[in-house]
Amino acid sequence: MTAIAVLGSTNMDLVTYVARAPALGETVTGRELRTVPGGKGANQAVAAARAGGEVVMIGAVGTDEFGSRLRTNLEHAGVDTDLLHTAAGPSGTAHIVVDDEGANAIVVIPGANGTVTALGPGEHAAIAATGLLLLQLELPLSTVTEAARAAKALGVRTILTPSPVQLLPSELLDAIDLLIPNEHEAAALSGCDEPHAAAEVLLRQVPEVVITLGPKGCLYAARGGESVWFPAPEVTAVDTTGAGDTFVGTLAVALGEGRGVPEALAWASSAAALCVQRPGASTSMPYRSEIDAS
Ligand code: RIB
């Protein structure tokens, strides 16, 4: 079984379903509000566990009513939460608007995620015991950098989802093996709107890149090789929240199992396609048997 550590956020998603997202200054009437466990870190952990990985989650929840629900959700997925700390104060929340096309806009309030400011001996030991470390940018950047550098020094493969996108220091990028931005993040980080050009720029900083392109699939590029485009299954999306996280968590399991890049990307794309056909983040992530059958 692939052993994976995830250092990242755990949020309660407050999801509003609406025909069309409001413009600034505008009021619209929505259809429904749902509270769904999410957070890019927790989503990747759940996706990896459901895909068959042995997953440990490093992060924090708050002492509010969301905290225990978020922890239980991870535990139900089979994720080890011994290093998911409980910090005094509110849990992270994400305020999400999903429109009739399944597209979303998200505002994240870090809450307890912001208290993860350093790694202790337990966190270092957990990273050392795994083959892969998954990182995103919803925890303090200094902590993400510390974890990436520790993993790199130990020979643990590091995968970074650069979201929410921000300027990344070279101390962090130097410790990343595989960067997985979406097309908007790739453009912001590289200064190039065209994915092939963006990948070329990003490969100056990291050895491997996958740019996710939503329904258009993904672009894989590695230093010294040609970039290769992989299509996504054609499906009708009802909610794209967590699709990128599903892709990353599932891909990590496949790579950890030693599958080749084309097979791993196809498997991860199938998982993301299943995710977008269901509402919510962690609630929509498929199990291994479903991915295999799709
Ligand atoms: O990637 C989707 C996630 O982003 C949501 O679950 C939300 O919590 C935000 O972190």
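Preceding this section is the structure that the text describes.
Residues numbered from 1 in each chain as written. Predicted model: local features only at pLDDT ≥ 70, side-chain atom pairs only at ≥ 80, totals over all residues. Heavy atoms only, no water.

Before we move on, can you summarise the pairing of strand β9 (residues 157-160) with the specific residues and values?
Where strand β8 (residues 132-135) and β9 come together, four bridges link them in parallel fashion. Each bridged residue has a counterpart across the sheet, and for L135 the counterpart in β9 is L160. As a crossover connection, the stretch from β8 through helix α4 (residues 141-154) into β9 is right-handed. Relative to strand β10 (residues 178-179), β9 runs parallel, the two being bridged by two bridges. For L160, the partnering residue across the bridge sits in β10 and is L179. (Pairing = 2+ DSSP bridges. Helix = DSSP H or I, 4+ residues; strand = E, 2+ residues; numbered from the N terminus. Right-handed = clockwise from strand over helix to strand, strands pointing away.)

Outline the packing of helix α3 (residues 121-128) against α4, listing residues and values.
Between α3 and α4, the least distance of the axes is 9 Å, while the angle of their chain directions is 45°. Classed by the angle they form, the pair α3 and α4 counts as oblique. With respect to the hand of their crossing, α3 and α4 are arranged in right-handed fashion. Residues H124, I127 and A128 of α3 pack against E146, A147, A150, A151 and L154 of α4. The class makeup of the residues in the contact of α3 with α4 is six nonpolar, one polar and one charged. (Axes fitted to C-alpha atoms, helices over the stretch in contact; angles between N-to-C directions. Parallel < 35°, antiparallel > 145°, perpendicular 65-115°, else oblique. Left-handed = near helix turned anticlockwise from the far one by under 90°. Contact = heavy atoms within 4.5 Å. Nonpolar A, V, L, I, M, F, W, Y, C, P; charged D, E, K, R; others polar.)

Report on the nonpolar core, specifying residues and quantitative values.
Among the nonpolar cores identified, the biggest contains 46 residues, and I4, I159, F247 and L251 are the most heavily contacted of them. The next biggest cluster of nonpolar side chains, apart from the first, holds 39 residues, and it includes A112, V116, L137 and A198. (Core = buried A, V, L, I, M, F, W, Y, C linked by side-chain atoms within 4.5 Å. Buried < 20%, exposed > 50% of the residue type's maximum accessible area, 1.4 Å probe, protein only.)

Can you lay out the sheet that holds strand β6 (residues 92-98) for me, pointing to particular residues and giving the numbers?
Spatially, the four strands line up as an open sheet ordered β3-β2-β6-β7, and their pairing is mixed. Single-partner strands in this sheet number two, and they are β3 (32-38) and β7 (104-109). Taking the axes of each pair of neighbouring strands and ignoring which way they run, one obtains an average angle of 20° across the sheet. Where strand β2 (residues 11-17) and β3 come together, seven bridges link them in antiparallel fashion. Its bridge partner lying in β3, V15 is registered against R34. Along the sheet face, helix α2 (residues 65-76) touches β2, β3 and β6 and points at about 60° away from the line of β3.

Run through the pattern of salt bridges, naming residues and quoting values.
Under the definition given, this model contains 10 salt bridges. The partner of R34 in a salt bridge is E32, and the shortest N-O contact between them spans 2.8 Å. Residue classification places E32 among the partly exposed positions, given a relative accessible area of 36%. Of the charged contacts, one joins R278 and E290 as a salt bridge, the two residues approaching to 2.5 Å between their closest N and O atoms. Highlighted residues: R278 in the loop between α9 (261-276) and α10 (288-293) and E290 in helix α10, separated in sequence by 12 residues. (Salt bridge = Lys/Arg side-chain N within 4 Å of Asp/Glu carboxyl O.)

So what's going on with the packing of aromatic side chains? Residues and values would help.
A ring pair, where both rings are aromatic, is described by two values, the distance of the centres and the angle of the planes. Overall, the coordinates contain zero aromatic pairs when judged by the stated rule. Taking NZ or CZ as reference, R259 lies 4.1 Å from the ring centre of W267, over its face. (Phe/Tyr/Trp six-rings, centres within 6.5 Å; stacked < 30°, edge-to-face > 60°. Lys NZ or Arg CZ within 6 Å of the ring centre and 35° of its normal.)

Can you explain the packing of helix α6 (residues 183-190) against helix α7 (residues 195-202)? Please cite residues and give values.
At a closest axis distance of 9 Å, the pairing of α6 and α7 adopts a crossing angle of 55°. By the angle class used here, α6 and α7 are oblique. Crossing hand, α6 versus α7: left-handed. Along its contact with α6, which presents A186, L189 and S190, the element α7 presents A198, V201 and L202. Residue composition of the contact of α6 with α7, by class: five nonpolar, one polar and no charged.

None of the figures reported here should be taken as evidence of function without further support.
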